[in-house]
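# Summary of structural features
Listed below are the residues making up each chain.
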Amino acid sequence: MTAAKLFRHETILAILTVIAMIVLASLSDKFFTVDNLLNQGRLMAEVGLISLAMTFVIVTGGIDLSVGSILGLTAILLGVFWKNLGLPLPAAIVLAMACGTFAGWVNGLIITRFNVPPLIATLATLALYRGLAEGISEARSVRGYPEWFFFFGQGEVLGVPFQLWVLGFATLVAAVILGLTPFGRATYAIGANEVAARFSGIRVNATKLWIYTAAGFCSALAAVIFVSRVTTTRSDMGTGLELDAITAVVLGGTSIFGGRGTIIGTALGLILIQALKNGLALSGVKGDGTIVVIGLVLIGAILVGALFDKNRGG
Amino acid sequence: MSGAAVSPGRTNLHRFLSGYGQEIVVLLSIVALFVVVGAINPRFLSDTNINSIFAGNAYIAIAAIGMSMIIMAGHIDVSVGALIGVIATIAGTLAVKGYPIWIAWSLPILFAVVVNAGVGTLVAYTRIPSIVVTLGMLSILKGGLISATAGEWITNMPAEFMIAQMRPFGIPSAVWFMVALTIIASLFLRYTDFGRSIYAVGGNMEAARAAGINPERTVIGVFALHGLFAGVAGILFATQLQVIQSTVPPNLELTVITASVIGGVSILGGTGTVIGSTLAAILFACIGSALIFLNVSAYWLRAVLGLMILATVLADMARRRSDK
């Protein structure tokens, strides 16, 4: 596959995004305002961070369904460490994020060490982590965080929401790692042909373990931003987030079979989905109607991808 | 197999145990649970509780039969919970609007079969992984359901519509359905060409094709059948209470998948029985109920479920490795 072909999907996606923006702007005059766009960026950060890690996961040919549950578990632990155990809030944040990262590492361990298919492994941990969050919290929410904590989710730096800076920085880092480093090339190689990658001396298991751990870390980071944004912790936080992240990644041109995909594509996929959600809501479609559109977009995008693949004679 | 050299009697027993090992473990767990929890809190064994364990969860067992076939064929369906919610809502709406009862029962089931046959067609011919198609389907069904009903509950359904509450020969009809469908599905899987082709496709798709099976048609058929079971489950779910909440029952797909996996259906496809999945669905219901009777917070139920899936899957992987 040549670079030209790789860029084609992103180009089409970029054009599609621009068209969607123009259409949505003409449907509602509130859509194309600086305030609205920055606010949408704020809402995009949590799923965005997770989508970056998910891109790596899917490029290796895997999947991680447990990211939403890790987010929920981290959020609950953050509240419990701070409120119930009386830890200082910064320590609680670090500790909770460590736990979320550990949860991702456990996923990686189950997948690499015991050869459990990622779909099943993370389906099990999806239940396990969410169950732990429910069990630990017993449906009680934690509120009353100090004012400074709300900076992560509500603050602004140079007029741009704080988490948008985080997302931008993380996107840059992810793009460099996937596109320009040996680690990134190992990621593609594993997805293209795991056995071949193994025989060419790539440390397949170590690479995968890092990637699933990173997915845990990104989910944990998203959890802190989420809690700070909505000022409360609940055990059902992040439910269904895995679907949003997978949709963004796949829409961005990453092959669900692995071996192909870019961070730029994922970023464009994210923007398109968020624009659709927001634009449809502004033009009067109710919140749940937009889920239908996202489901259709997901299936449609993969269908088109599969048809292209067939035409290529693959 | 290690027991090959011993006497024929042992060998048969061994074969039986290795063929139905998982089912026996699940069955023994159910018995043990009843004995232990019943000894600690005798109210666990009361008629009302046993009734609610079996009748109240029969729809999960029935959905798990279809799910088991899907997993045996090497696929998965994460949209089944949403589908059951949609079916229940359609059925309830039809019944309240005064359509003949048989239409209120059969039309939603037909809908489920058609929808899932569509999903199966996508999966079979475009080679898109079933997880992706059904994830998309999940959000379409869920979003569609909430948009269409605006979350309004359905009440005042006619009494003759409430099939799950009927008790032929003193036993709730939901239990009759569960037992009958489990037996029919077992016989179907074991003795019909189509049933056996499901195992073949799940075991090795190309080998199945070489053996003259049309894998695409088998996959579509399995999804349609799964729709049929989900449809029946949806009708029972709709009629077991006096109200339909018009939402997607939370985590239902997870419970259904877990029942199949714990019942001995290998996640890698190709093996398993529906007797196992029905037993596992009952086991869950028992565990859920036991937690309450043992004064353990019900909030831990999902964590227990997750641990059980993980343990079963790891055991499955270990067994496969030792079989090689």
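Scanning chain B from terminus to terminus reveals 12 helices and zero strands. Along chain B, helices (α) and strands (β) appear in the sequence α-α-α-α-α-α-α-α-α-α-α-α when read from the amino end. Relative to the globule expectation of 20 Å for 324 residues, the C-alpha radius of gyration of chain B, 20 Å, shows essentially globular dimensions. On the principal axes, the C-alpha backbone points of chain B span a range of 65 × 55 × 35 Å. Relative to all contacts within chain B whose residues are 6 or more apart in sequence, the contacts with residues 24 or more apart total 79%.

Okay, the overall build of chain A next. Looking only at helices and strands, chain A has 13 helices and two strands in total. Dimensions along the principal axes, computed over C-alpha positions, put chain A at roughly 60 × 55 × 35 Å. A total of 314 residues make up chain A; the buried ones form 51% of that total. Taking the intrachain contacts of chain A between residues at least 6 apart in sequence as the baseline, contacts between residues at least 24 apart amount to 77%.

Here we take up the environment of B:Pro158. Residue and element names in this part refer to chain B. Assignment of secondary structure puts Pro-158 in the loop between α5 (130-149) and α6 (173-191). Judged by local crowding, Pro-158 falls into the exposed class, with 11 C-beta atoms found within 10 Å. When the C-alpha atoms of Pro-158 and Gly-92 are compared, they prove to be 9.4 Å apart, with 66 residues separating the residues in sequence.

This part is about the interface of chain A and chain B. At the interface, 36 residues of chain A touch 35 residues of chain B. Broken down by secondary-structure element, the contributors of at least two residues to the side of chain A that touches chain B are α5 (118-137), α11 (241-251) and α13 (287-311) of chain A. Split by residue class, the side of chain A that touches chain B holds 25 nonpolar, six polar and five charged.

Moving on, we come to helix α10 (residues 204-230) of chain A. All names here are of chain A. End to end, α10 covers 39 Å across 27 residues, agreeing with the expected 39 Å (1.5 Å per residue, within 8%). The element α10 is extensively covered by neighbouring structure, given that 20 of its 27 residues are classed as buried. Where α10 ends, the next residue or the one after it, Thr-231, has phi of about 60°, a positive value.

Right, let's get into the nonpolar core. Core analysis: the largest hydrophobic core is formed by 198 residues, its most contacted members being A:Leu78, B:Ile62, B:Ala63 and B:Leu236. For this core, the leading source of residues is helix α2 (residues 47-72) of chain B, giving 15 residues. Apart from residues no more than four positions distant in its own chain, B:Ile62 is found in contact with B:Phe177, B:Met178, B:Leu181, B:Phe229, B:Val232, B:Ala233 and B:Leu236.

Next up on the list: helix α11 (residues 274-293) of chain B. Residues and elements named next belong to chain B. Its 20 residues place the ends of α11 29 Å apart at the C-alpha level, agreeing with the 28 Å of an ideal helix rising 1.5 Å per residue. Of all 20 residues making up α11, 15 are buried, and the element is well covered by its neighbours. Immediately beyond the C-terminal end of α11, within one or two residues, lies Asn-295, with a positive phi of roughly 65°.

Residue and element names in this part refer to chain A. Here Thr-171 is to be found in helix α7 (residues 162-180). The spacing of Thr-171 and Lys-277 is 106 residues in sequence and 21 Å in space, taken between C-alpha atoms. In this structure Thr-171 touches Leu-52, Ile-263 and Ala-267, once residues within four positions along its chain are discounted.

Further remarks concern unusual backbone geometry. Residue and element names in this part refer to chain A. Notably, Asn-115 is not glycine yet its phi reads approximately 55°, a positive angle. Within the element layout of this structure, Asn-115 appears in the loop between α4 (89-113) and α5. Overall, Asn-115 belongs to the partly exposed group, with 15 C-beta atoms counted inside 10 Å. In this structure, Thr-231 takes a positive phi of about 60° despite not being glycine. Summarising the element assignment, Thr-231 is placed in the loop between α10 and α11.

A word on the packing of α6(B) against α11(B). Residue and element names in this part refer to chain B. Where α6 contacts α11, the two axes come as close as 9 Å, and the packing angle between them is 155°. With respect to α11, the element α6 is oriented roughly antiparallel. Along the contact surface, α6 presents Met-178, Thr-182, Ala-185, Ser-186 and Leu-189, while α11 presents Val-274, Ile-275 and Thr-278.

Residue and element names in this part refer to chain A. Here Thr-207 lies in helix α10. On a C-alpha basis, the gap between Thr-207 and Gln-274 in space is 31 Å, while along the polypeptide they are 67 residues apart. Aside from chain neighbours lying at most four places away, what touches Thr-207 is Phe-183, Ala-186, Thr-187, Ile-190 and Ile-202.

For the rest of this paragraph, the subject is the packing of helix α3 (residues 80-96) of chain B against helix α10 (residues 252-262) of chain B. Residue and element names in this part refer to chain B. Remark: α3 packs on α10, axes separated minimally by 6 Å, with the N-to-C direction vectors making an angle of 120°. By the angle between their directions, the pair α3 and α10 is classed as oblique. Note on element contacts: α10 touches α3 through Leu-252, Glu-253 and Val-256, opposite Val-80, Gly-81 and Ile-84. A per-class count over the contact of α3 with α10 returns four nonpolar, one polar and one charged.

On to the confidence of the model for chain B, then. All names here are of chain B. The predicted model of chain B has a mean per-residue pLDDT of 80, with 91% of residues at 70 or higher. For chain B, the element scoring lowest by mean pLDDT is helix α1 (residues 8-40), at 72; helix α9 (residues 215-239) scores highest, at 89. Here residues 1-8 is a poorly scored stretch, pLDDT under 50, and it has five contacts once near neighbours within four places are set aside; other chains count.

Rules used throughout
Residues numbered from 1 in each chain as written. Chains lettered and ligands numbered in written order. Predicted model: local features only at pLDDT ≥ 70, side-chain atom pairs only at ≥ 80, totals over all residues. Helix = DSSP H or I, 4+ residues; strand = E, 2+ residues; numbered from the N terminus. Rg over C-alpha atoms; globule rule 2.2 N^0.38 Å. Contact = placed C-beta atoms within 7 Å. Buried ≥ 20, exposed ≤ 12 C-beta atoms within 10 Å, placed from the backbone. Nonpolar A, V, L, I, M, F, W, Y, C, P; charged D, E, K, R; others polar. Expected span 1.5 Å × (residues − 1). Core = buried A, V, L, I, M, F, W, Y, C linked by C-beta atoms within 7 Å. Axes fitted to C-alpha atoms, helices over the stretch in contact; angles between N-to-C directions. Parallel < 35°, antiparallel > 145°, perpendicular 65-115°, else oblique. pLDDT = per-residue confidence, 0-100.

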